[in-house]
Every structure is written in structure tokens, then in C-alpha cells.
Amino acid sequence: MIRRTALTVILVLAALLSSGPTGLAAGNMVPSGKAGRVSRAIGFADLKPAACTNGTPTNLVTGSGVFNGTTQNDLILGGTAIDTIDGRQQNDCILGGDGDDVIDGFNGTDVCIGGPGTDVFVRCETSIQ
Ligand SMILES: [Ca+2]
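Residues numbered from 1 in each chain as written. Predicted model: local features only at pLDDT ≥ 70, side-chain atom pairs only at ≥ 80, totals over all residues. Heavy atoms only, no water.

Student: What exactly am I supposed to notice about the overall build of the chain here?
Tutor: Tallying secondary structure elements over the chain gives 1 helix and 9 strands in all. Counting from the amino terminus, helix and strand elements in the chain follow one another as α-β-β-β-β-β-β-β-β-β. Counting across all 129 residues of the chain, residues that qualify as buried make up 26%. For the chain, contacts bridging at least 24 residues in sequence account for 9% of all contacts bridging at least 6. (Helix = DSSP H or I, 4+ residues; strand = E, 2+ residues; numbered from the N terminus. Buried < 20%, exposed > 50% of the residue type's maximum accessible area, 1.4 Å probe, protein only. Contact = heavy atoms within 4.5 Å.)

Structure, rendered in C-alpha cells:
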């Protein structure tokens, strides 16, 4: 009798094992985590002020004193003192920063943001003190 029971147990185990791992596995699990996430570097164009709705800047210009933009769509950042900034061609987003700045958008559709100080705007399609 004991032999028969032992034989039955062995046969049941053999049947279970022969059914393969899918019969015993709980299923394929993909752990929650970073699936679907995308990461990318933040560029200067991502940091332009929301008020600059005149396009995506393709060039960053920083300076102080008297300086100019380029022939590209510039994001231009003035310094902390008095600046005279000329955006030149294309659609620029010009930020004067601190100081009493003179901001000239020149050609294109330019957004000029003066910042702190009393600023003068020339040929800016949008001027924000
Ligand atoms: Ca300035």
C-alpha cells in the first residue's frame, strides 16, 4: 500500500513537471518603473519666457554693454547693468535684465522684455516692461 501511494505521488509530480514551466509560472510580469519614460537634455530654447511666442530660438546670445544679436532667431540675454541690445535679423526674444536698457528689435517679429529698470524699446513688435 505504501509503495502504491509513493508511486502515485511520483506519477503526479512527474505529470506536473512534464506540463512545463507555464503550468507553474504566475505569468510574465513587467515591473512598474521607467517603461514609457523619455528623458532629454534641456536646451536654451526650453527656457525662453512664455511671453516669447514669436517662434523657437535657434541661437543664444548673452552679453553686457553694447552688443547685437545674429541673423538667426535669437534668445538674447542682457546683463545686470545698462545694456544697448540690437536684435538684428529674424524673430528675437530679447531680455534686458537689470539696468536701464535700450532694446532694439530691428528686423523680424521681436519680443522685448525689459526687466527691472526703466527701459527704452525700439522696433519691438511686443514690448514688456
Ligand atoms: Ca541689462
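Student: Looking at this model, I keep getting lost on the pattern of salt bridges. Mind explaining?
Tutor: Side-chain pairs of opposite charge can arise whenever the charged atoms involved come near each other. Per the stated rule, a full pass over the model turns up 3 salt bridges. A salt bridge links Arg 40 to Asp 46; its shortest N-O distance comes to 3.2 Å. In this structure, Asp 86 and Arg 88 form a salt bridge, with 3.7 Å as the shortest nitrogen-oxygen distance. In this structure Arg 88 comes out as partly exposed when scored by relative accessible area, which is 33%. (Salt bridge = Lys/Arg side-chain N within 4 Å of Asp/Glu carboxyl O.)

Student: Where do I start with the nonpolar core in this structure?
Tutor: If you look at soluble globular proteins, the nonpolar side chains tend to sit buried side by side. Counting residues in each nonpolar core, the largest one holds 8 residues, listed as Val 61, Phe 67, Ile 76, Ile 85, Ile 94, Ile 103, Cys 112 and Cys 124. With residues up to four places along the chain from it excluded, the contact list for Val 61 reads Phe 67, Asn 68, Gly 69, Thr 70, Asp 74, Leu 75, Ile 76 and Leu 77. Leu 75, Cys 93, Val 111 and Ile 113 belong to the second-largest nonpolar core, a separate cluster that totals 5 residues. (Core = buried A, V, L, I, M, F, W, Y, C linked by side-chain atoms within 4.5 Å.)

Student: Help me understand the state of the cysteines, please; the structure alone is not making it clear to me.
Tutor: By definition, a disulfide links the sulfur atoms of two cysteines through a covalent bond. One pass over the structure, following the stated rule, counts 2 disulfides. In this model Cys 52 forms its disulfide with Cys 93; the gap between the sulfur atoms is 1.8 Å. Judged by the sign of its S-S torsion, about 55°, the cystine formed by Cys 52 and Cys 93 is right-handed. Linking Cys 52 in the loop between helix H1 (2–18) and strand E1 (59–62) with Cys 93 in strand E5 (residues 93–95), this pair joins segments that are 41 residues apart in sequence. The class for Cys 93 is buried, based on a relative accessible area of 2%. (Disulfide = S-S within 2.5 Å.)

Student: Explain the pairing of E1 here, please?
Tutor: The two faces of the sheet receive side chains in turn, since in a regular strand these alternate between them. Residue alternation in E1 divides its side chains into a buried set, Asn 59 and Val 61, and an unburied set, Leu 60 and Thr 62. When E1 meets strand E3 (residues 74–77), the two strands line up parallel, connected through 4 bridges. Counterpart to Asn 59 in the pairing with E3 is Asp 74. (Pairing = 2+ DSSP bridges.)

Student: Looking at this structure, how should I read the sheet that holds strand E7 (residues 111–113)?
Tutor: Strands in a sheet are paired, the pairing made by backbone hydrogen bonds, and the direction either parallel or antiparallel. Pairing is parallel in the open sheet, where 5 strands are placed in the order E1-E3-E5-E7-E9. At either end of the open sheet lies a strand with only one pairing partner, and these are E1 and strand E9 (126–128). Within the sheet, the average angular offset between the axes of one strand and its neighbour, ignoring direction, is 10°. (Axes fitted to C-alpha atoms, helices over the stretch in contact; angles between N-to-C directions.)

Student: Would you take a moment to explain unusual backbone geometry for this structure?
Tutor: As a rule of thumb, non-glycine residues mostly have phi less than zero, and peptide bonds are mostly trans rather than cis. With a phi angle near 75°, Gln 90 is a residue other than glycine that sits in the positive phi range. Phi is positive for Phe 106, close to 60°, though the residue is something other than glycine. Topologically, Phe 106 is positioned in the loop between strand E6 (102–104) and E7. Assessed through its relative accessible area of 26%, Phe 106 is described here as partly exposed.

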